[in-house]
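Observations on chain architecture
Residues per chain, in single letters:
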Amino acid sequence: MSHSKIPKAFHNHSWLFKNPIEKPGFADKKWSIHADSSSFNLLNFADGLGLVEAPAKVDILRHLLRDQTGDSLDCLNLIDATQRLGIDYHFQQEIQVVLQRLYVLSNHQWLDRETNLHYTSLLFRLLRQQGYPVSTDNFRAFLDNKGKFNEGLRQNVNGLMSLYEASHLCMHGDDILEEAETFSTHGLNHCLAHLDHHMAPFVRNTLAHPHHKSVAKFMVPTYFGDIQSTNKWIHVLQDVAKMDFNAAQLLHQDELVQFLKWWKETGLAKELKFARDEPIKWYIESLVCLGDSCYSQQRLQLAKSISFVYLIDDLYDVFGNLKELTFFTEAVCRWDLGAAKRLPDCMGICLKSLFEVTNDVSSMIYKKHGWNPIGFLSRAWGKLCKAFLVETEWMSCGYSPSAEEYLRNGIVSTGIHVILVHVFFLLGQQISQQTAELLEDDLDIISSTAIILRLCDDMGSAKDEKQVGLDGSYAKHYMNEHPSISHEATHHHVTNKISQAWKTLNKEYLLSNLFPAKFTQASLNIARAVPLVYNYGSNQSFMTLEKLIQQLLFRIYV
């Protein structure tokens, strides 16, 4: 059960991305959570709110996982449920022990379970997403003599759902997982017409939001309802998850109030009237990148930096002329505040504010981690502005780049690189000259995420009100290069490029150890959030984001 407490002012769709802090019923609330990012614990906070059963229920589940032996399917279902409900962080040690044991057992006893598609698929997914080098050959037991999945499996709905979920951890060369995705997708869509009203929504949600490609925090409420489950602990799991979710909600509300206060005090919405004024969206995007409750301070700093990706994008797209923007780009690349005097007022104000925020972020990182990243951050901003300027130059002279030339520049102009450079230093893990310098290269962990965002954005019909799309799209430039190609073939080509980017991202996330896990997690979460935060289709993207904000920030679950 859930209760919405969203202020009435938020029901005004057009106002959602303005300044809710000015509206009654929101800023007047006395939020009192000021989390110490080094020690904040949602479970302790929930207990402090009077939710005294939270620690006891977590202890029950912890002991339950510790007592698991053998290769029980119940144990796999329990681990899967904790992950879907976003409470697996309470049990990381217990889950690691269980999966290590199951990995050892699977190397010797997997064939004992070869006829159980659900077990095989779930075990494969849990092990692979934990980084274990589990082979896709374990699915060959379900293939016929032509190398296709047995048709008889189409009636196994639970097995098909688990197979579909497993297929999304596909990497380059995993042909059997590509076949698994096609087979399970067709099978589940065919089953939908025959399923009851309990099972059909669950299958549709699985098809739309496979676990590996969804931000867990955003999907948690999906599993709060009266769902059919063979897991006898589902209600205990749900209770713990609701307490966690409600406590986190208060923390995020407090963060949002602080961020909106900062945004109002900057006066940038008034000074840059041509630019987007969407502070809630920018905060949500920081929450995507750094979802753990312990990163409260880092989220606020990241949200400020994210806001400038949008502001500067609009500066290039809808305000400045080529001469002014060239000068602005040079000023950012030189990190020269004095150049603000020779720019139009609004551009000078934007430049000054960018420098102030970036210097504040650098100061915070230096105080916490003893490393001043200002050189790396300023170069990242310069790289982004150069990419924006290239697009401006193309438009000003009517130049039509090749699809690949457009994409190479578009990877940078997404802003993913500058955001993830900030994330890396804000996390403060494994910082060294070597790793910091690696970030300045076109790393797969960053570029694959940017490709997913750029191509999905280009495919979408939903556009921001002030963005008219004059800089084209990958599909448009691809069709210009291939005049005889159809829209359907172009769509297939772009979809395949997105799929290849996901395979690269999976490889980097699952196998690479160049960067800390929280950093690769942030990159993965950005890619995961693309279909959730933006509704690419016939509807405007704002509606989807509005529902997401309501669900994350203004609905209490009991």
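This structure is a prediction, so every number in the text was calculated from the model and none was measured.

Topic: the packing of aromatic side chains
Taken as a whole, this structure holds 20 aromatic pairs when the rule is applied. Taking the centre distance of 5.5 Å and the plane angle of 45° together, the rings of Tyr 316 and Phe 388 count as tilted. Within this pair, whereas Tyr 316 is found in helix α13 (residues 296–319), its partner Phe 388 is found in helix α16 (residues 374–397), the two being separated by 72 residues in sequence. Taking relative accessible area as the criterion, Tyr 316 reaches 2% and is therefore assigned buried. Given a relative accessible area of 2%, Phe 388 falls into the buried group. A ring pair is formed by Phe 376 and Phe 425, whose centres lie 5.7 Å apart and whose planes are at 35°; its orientation type is tilted.

Concerning the pattern of salt bridges
Inspection of every chain in the model, using the stated rule, returns 25 salt bridges. For Arg 276, the salt bridge goes to Asp 313, with nearest N and O atoms at 3.2 Å. Here Arg 276 is found in the loop between α11 (268–271) and α12 (279–289), whereas its partner Asp 313 is found in helix α13, with 37 residues between them in sequence. When its relative accessible area of 9% is taken as the criterion, Arg 276 is described as buried. Classification of Asp 313 by relative accessible area gives buried; the value is 17%. For the salt bridge of Glu 404 with Lys 497, the shortest nitrogen-to-oxygen distance reads 3.5 Å.

Description of the side chain of Ser 167
Position of Ser 167 relative to the elements: it lies in helix α6 (residues 157–167). At 2.6 Å, the side chain of Ser 167 forms a polar contact with the backbone oxygen of Tyr 164. Setting aside its immediate chain neighbours within four residues, Ser 167 contacts Leu 177, Ala 180 and Glu 181.

Overview of helix α14 (residues 322–334)
Taking 1.5 Å of rise per residue, the 13 residues of α14 would be expected to cover 18 Å, and the 18 Å separating its terminal C-alpha atoms lies within 8% of that figure. Buried within α14 are the following residues: Leu 325, Phe 328, Thr 329, Ala 331 and Val 332. Down the axis of α14, the buried side of the element spans an arc of 160°, and every buried residue falls inside it. Check the buried side of α14 and you find it contacts α13, α15 (345–369) and α16. For α14, the N-terminal cap is Asn 321; the gap from its side-chain oxygen to the backbone nitrogen of Lys 323 is 3.1 Å.

Description of the confidence of the model for the protein
Averaged over every residue, the pLDDT of the protein is 85; residues scoring 70 or more account for 83%. Taken together, the stretch residues 48–52 has pLDDT below 50 and engages in 4 contacts with residues farther than four places along the chain or on a different chain. Confidence drops under pLDDT 50 across residues 536–543; counting only partners more than four residues distant or on other chains, this segment forms 22 contacts.

Parameters at a glance
- Position numbers for residues count from 1 along each chain, tracking the sequence in the order it is written.
- For this predicted model, a pLDDT threshold of at least 70 governs which residues receive local features, and a threshold of 80 or more governs which side-chain atom pairs are given and counted, while totals over whole chains, interfaces and linings are taken from all residues.
- Here the side-chain values reflect all heavy atoms present in the structure, with hydrogen atoms and water set aside.
- Working definition: a ring pair exists when centres of Phe, Tyr or Trp rings (six-membered ring for Trp) sit within 6.5 Å. Plane angles under 30 degrees give stacked, over 60 give edge-to-face, the rest tilted.
- Secondary structure elements are defined from DSSP: runs of H or I of at least 4 residues count as helices, runs of E of at least 2 residues count as strands, and each element is numbered from the N terminus.
- Note on exposure labels: buried denotes an accessible area under 20% of the residue type's maximum, exposed denotes more than 50%, and partly exposed covers the range between, all computed with a 1.4 Å probe on protein chains only.
- One side-chain nitrogen of Lys or Arg within 4 Å of one carboxyl oxygen of Asp or Glu is enough to make a salt bridge.
- Two N or O atoms form a polar contact when they lie within 3.5 Å of each other; inside protein one atom must be a possible hydrogen donor and the other a possible acceptor, and for residues adjacent in sequence the pair counts only when both atoms belong to side chains.
- Residue contacts are counted whenever heavy atoms from the two residues lie within 4.5 Å of one another.
- Expected helix span is taken as 1.5 Å per residue step, with the number of steps being one fewer than the number of residues.
- Starting at the helix axis, one direction is taken to each C-beta atom, and the arc is that of these directions.
- Every residue is assigned a pLDDT by the predictor, reflecting its confidence on a scale from 0 to 100.

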